[in-house]
Amino acid sequence: MAILTTEGLTYTYSAGTPFEKTAVDHVTLEIGQDQMIGVIGHTGSGKSTLMQHFNGLLQPTEGKVLLSGKDIWADKKMLREVRFRVGLVFQYPEYQLFEETVFQDIAFGPKNMGLSEEEIRRRVLWAADALGLERGLLGRSPFALSGGQKRRAAIAGVMAMQPEILILDEPCAGLDPCGRRLMLQQIGNYQRQSRSTVLLVSHSMEDVAEYTQKLLVMNKGRLFCYGDTSEVFRRAEALREIGLRIPQITSLMLALRQRGYDLPEDIYTVAQAKDALLRLLRREEQTC
Amino acid sequence: MLKDITLGQYFPADSVLHRMDPRYKIIATLLMIVMLFAGNSPWTLAVGGLFVLLAQLLSGIPFRMSWKSLRPILPVLFFTAILNLIFIDGGETLWQWGILKVTEGGIETSIFMFVRIVLLLCGTSLLTYTTSPILLTDAIESLLSPLKRVGFPVHEMAMMMSIALRFIPTLLEETDKILSAQKARGACVDSGKMADRVKALIPVLVPLFVSAFRRAEELATAMECRCYRGGEGRTRLRQLKAAPRDHIALAICLLFLGASLMLNLLKL
């Protein structure tokens, strides 16, 4: 079942002036329930602009955005409701922290939803746990946290609203490799636990290969392709043509194949590669 | 939304006025202000008007640009014109209602003031239209440099001005971003009662201040890393140099000023 659908969604910046630019060009797609979807594309491909349409921050110049079959712009009073159902975390969200304590900052969204004290508390603690924020940090000022902790607090603030769709714009930008992996694992766990849909905007092919089931590829404002991750990566040539690459491990495996090693084509993660290589080595041992 | 606000309204073009030394432009503008305020008869105002019109034509700035800078102030202008019309006494009374009366003198003054302020706004906005903010601060620094002798930190002030100008667009963009982020968390900034709205600004203002301080600190560090230590002994890449045409322009300004003062003296 699709939760969110767009129909011919088009957005033009500064329409009617010489600076006119179409950032999103007739995009029609469906986003289903309980999935982890990767969103990739070059800088300026319209990813972020598209994401801001999903929760009604931007109004399409043309076309529609439907949430559970209803046009989100049909009734402007409903927009706030839409934003609670579709959570959006911007890039570098740590710059939006403002409350006195981390707890209060995470509670800002749920409080706006008009939930009871008790429910707010439950959700804040749940979101903090999901991202591995220690309880001891919740009483501190958000400005006293480290960069990574700030990022987690800001993401928890949107997670605590328990949206049906959570959009994360480059949640790992600027994190060290360790923090990066941990963050992605936590996001993955959150997705499985809440059975919601997570859209992960990323520049890293390795990350989306490992953590997402579906991929949405944008190119020059148009939807380039949208499908299962493995299927999208099978189109390595097409991706390269629009300036994107396939995961490094896939490139390596393809190169080995060209040298005559019998390896499968569809390897996208290091774990898969390890298994395939071990199998190959064992087979060669036996033939010797 | 916020990006639509035009601040620092420099209009790039290649005209005589654009090429003029910014220091002379500032002086010319000051002379023009004197000209417009000293004049107290229609004739002197006409001289001022001619001056502004000439400058406008030389600047290559389309009239609709001047109109754009004039439009937001029009309500205030009309309001003062009406006040003048009603409350200035003098000459024959043409219409009366209670304590309100319209006299010949009132009509004259209100039209006179209206035209004077319109000319003033058009003339001064020509300065900002034809001079980039950086050149403008350079010129101010240069013009104020005599004050250095009495210990006034002229260079520091000019540096502060140019930094402030430089960061206006950056901060506007940042505001837009924070506003969107908080809206995504359900903050309503554009509805509700006045008190609620003010309260709703906190989630936007706090991050904005934090980031402004962070940027200031980063900039200070970056400047220090490049050995910035104030104006002392500092040389410039672009030196302001007056050309003969700047002197001619100044002479023309003085001529106009003289003409309007003469008309004043002759009580025309």
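Residues numbered from 1 in each chain as written. Chains lettered and ligands numbered in written order. Predicted model: local features only at pLDDT ≥ 70, side-chain atom pairs only at ≥ 80, totals over all residues. Heavy atoms only, no water.

Attention now moves to the overall build of chain B. For chain B, the helix and strand inventory stands at 11 helices and two strands. Mapped from its N terminus to its C terminus, chain B presents α and β elements in the order α-α-α-α-α-β-β-α-α-α-α-α-α. Relative to its length of 268 residues, chain B is extended, with a C-alpha radius of gyration of 24 Å against a globular reference of 18 Å. In terms of overall dimensions, chain B has a C-alpha envelope of 65 × 55 × 40 Å along the principal axes. Taken over 268 residues, chain B has a buried fraction of 36%. Contacts in chain B between residues at least 24 apart in sequence constitute 72% of all its contacts with a sequence separation of at least 6. Carbon together with sulfur atoms contributes 69% to the accessible area of chain B, which is approximately 16,600 Å² in total. (Helix = DSSP H or I, 4+ residues; strand = E, 2+ residues; numbered from the N terminus. Rg over C-alpha atoms; globule rule 2.2 N^0.38 Å. Buried < 20%, exposed > 50% of the residue type's maximum accessible area, 1.4 Å probe, protein only. Contact = heavy atoms within 4.5 Å. Areas by Shrake-Rupley, 256 points an atom, 1.4 Å probe, with all protein chains shown as cover.)

Now for the pairing of strand β9 (residues 214-219) of chain A. Residues and elements named next belong to chain A. Summarising burial for β9: six of the six residues are buried, a large majority. Burial along β9 is two-sided: the residues Lys-214, Leu-216 and Met-218 and Leu-215, Val-217 and Asn-219 are all buried. Where strand β3 (residues 36-41) lies against β9, five bridges are found, and the strand directions are parallel. Across the sheet, residue Gly-41 finds its bridge partner in β9, namely Met-218. Direction of pairing for β9 relative to strand β10 (residues 222-228): antiparallel, over a ladder of six bridges. Bridge pairing links Met-218 to Leu-223 in β10. (Pairing = 2+ DSSP bridges.)

Another point: the interface of chain B and chain A. Much of the literature gives interface size as the accessible area that the parts lose upon coming together. Taken together, the contact pairs 17 residues of chain B with 20 residues of chain A. Across the chain B/chain A interface, buried area totals approximately 1,600 Å², and carbon plus sulfur atoms make up 63% of it. Remark: the boundary between chain B and chain A carries one salt bridge. Between Arg-185 of chain B and Asp-105 of chain A there is a salt bridge whose closest N-O contact spans 3.1 Å. Taken together, chain B and chain A are joined by four residue pairs in polar contact (both at pLDDT 80 or more). (Buried area = accessible area lost by both parts, 1.4 Å probe. Salt bridge = Lys/Arg side-chain N within 4 Å of Asp/Glu carboxyl O. Polar contact = N/O pair within 3.5 Å; in protein donor to acceptor, adjacent residues only side chain to side chain.)

Attention shifts here to the pattern of salt bridges. Where charged atoms from two side chains of opposite charge come close, those side chains can pair. All names here are of chain A. With the rule as written, the count across this model stands at 19 salt bridges over all chains. As a salt-bridge pair, Arg-151 and Glu-94 come within 2.8 Å of each other at their nearest N and O atoms. Of this pair, Arg-151 sits in helix α5 (residues 147-159) while Glu-94 sits in the loop between β6 (86-89) and α3 (102-112), placing them 57 residues apart in sequence. By relative accessible area, Arg-151 is classed as buried at 3%. With its nearest N and O atoms 3.3 Å apart, the salt bridge here joins Arg-245 to Glu-206. With Arg-245 in the loop between α9 (236-241) and α10 (248-258) and Glu-206 in helix α7 (residues 205-211), this pair connects stretches of sequence that are 39 residues apart. Classification of Glu-206 by relative accessible area gives partly exposed; the value is 25%.

Here the focus is the confidence of the model for chain A. In the predicted model, chain A carries a mean pLDDT of 91, and 99% of its residues have values of at least 70. Mean pLDDT across the elements of chain A ranges from a minimum in α9 of chain A, with 86, to a maximum in strand β8 (residues 197-201) of chain A, with 96. (pLDDT = per-residue confidence, 0-100.)

Here we come to helix α7 (residues 133-144) of chain B. Residue and element names in this part refer to chain B. Compared with the 16 Å implied by 1.5 Å per residue over 12 residues, the 16 Å span of α7 between its first and last C-alpha is a close match. Of the positions making up α7, those classed as buried are Leu-136, Thr-137, Asp-138, Ala-139 and Glu-141. Buried residues in α7 make contact with α2 (22-38), α6 (104-130) and α8 (154-184). (Expected span 1.5 Å × (residues − 1).)

All names here are of chain B. Relative orientation of the contacting elements α2 and helix α3 (residues 42-59) amounts to 150 degrees, with a least axis distance of 8 Å. Our classification of the angle between α2 and α3 gives roughly antiparallel. Seen from above, α2 lies across α3 with left-handed handedness. Contact residues: Met-32, Met-35 and Leu-36 in α2; Leu-45, Gly-48, Phe-51 and Val-52 in α3. (Axes fitted to C-alpha atoms, helices over the stretch in contact; angles between N-to-C directions. Parallel < 35°, antiparallel > 145°, perpendicular 65-115°, else oblique. Left-handed = near helix turned anticlockwise from the far one by under 90°.)

Another aspect to go through is the sheet that holds strand β4 (residues 62-67) of chain A. All names here are of chain A. Read across the open sheet, the four strands follow the order β2-β1-β4-β5; overall the sheet is antiparallel. Looking along the sheet, the strands with just one partner apiece sit at the ends: β2 (21-32) and β5 (70-71). Alignment of strand β1 (residues 2-13) against β2, held across eight bridges, turns out to be antiparallel. What sits directly across from Tyr-13, in β2, is Lys-21.

Across a sheet, strands are paired by hydrogen bonds formed along the backbone, either parallel or antiparallel in direction. Residues and elements named next belong to chain A. An order of β6-β7-β8-β3-β9-β10 is seen for the six strands of this open sheet, with the pairing classed as mixed. The strands lining the two open edges of the sheet, one partner per strand, are β6 and β10. Each strand axis lies, on average, 15 degrees off the axis of its neighbour in the sheet, ignoring direction. Where β3 lies against β8, four bridges are found, and the strand directions are parallel. Looking at β8, one finds that Met-36 is bridged to Val-198. Contacts from α5 reach β6 and β7 (165-169) within the one sheet, and its direction differs from that of β6 by about 170 degrees. On the sheet, helix α6 (residues 177-194) packs against β3, β7 and β8 and is oriented at approximately 155 degrees with respect to β8.

This paragraph deals with the environment of Gln-272 of chain A. Residue and element names in this part refer to chain A. When you line up the elements, Gln-272 lands in helix α11 (residues 270-287). When the C-alpha positions of Gln-272 and Gly-41 are compared, they lie 24 Å apart, and in sequence the two are 231 residues distant. Among all residues touching Gln-272, those that are not within four sequence positions of it are Asp-266 and Ile-267.

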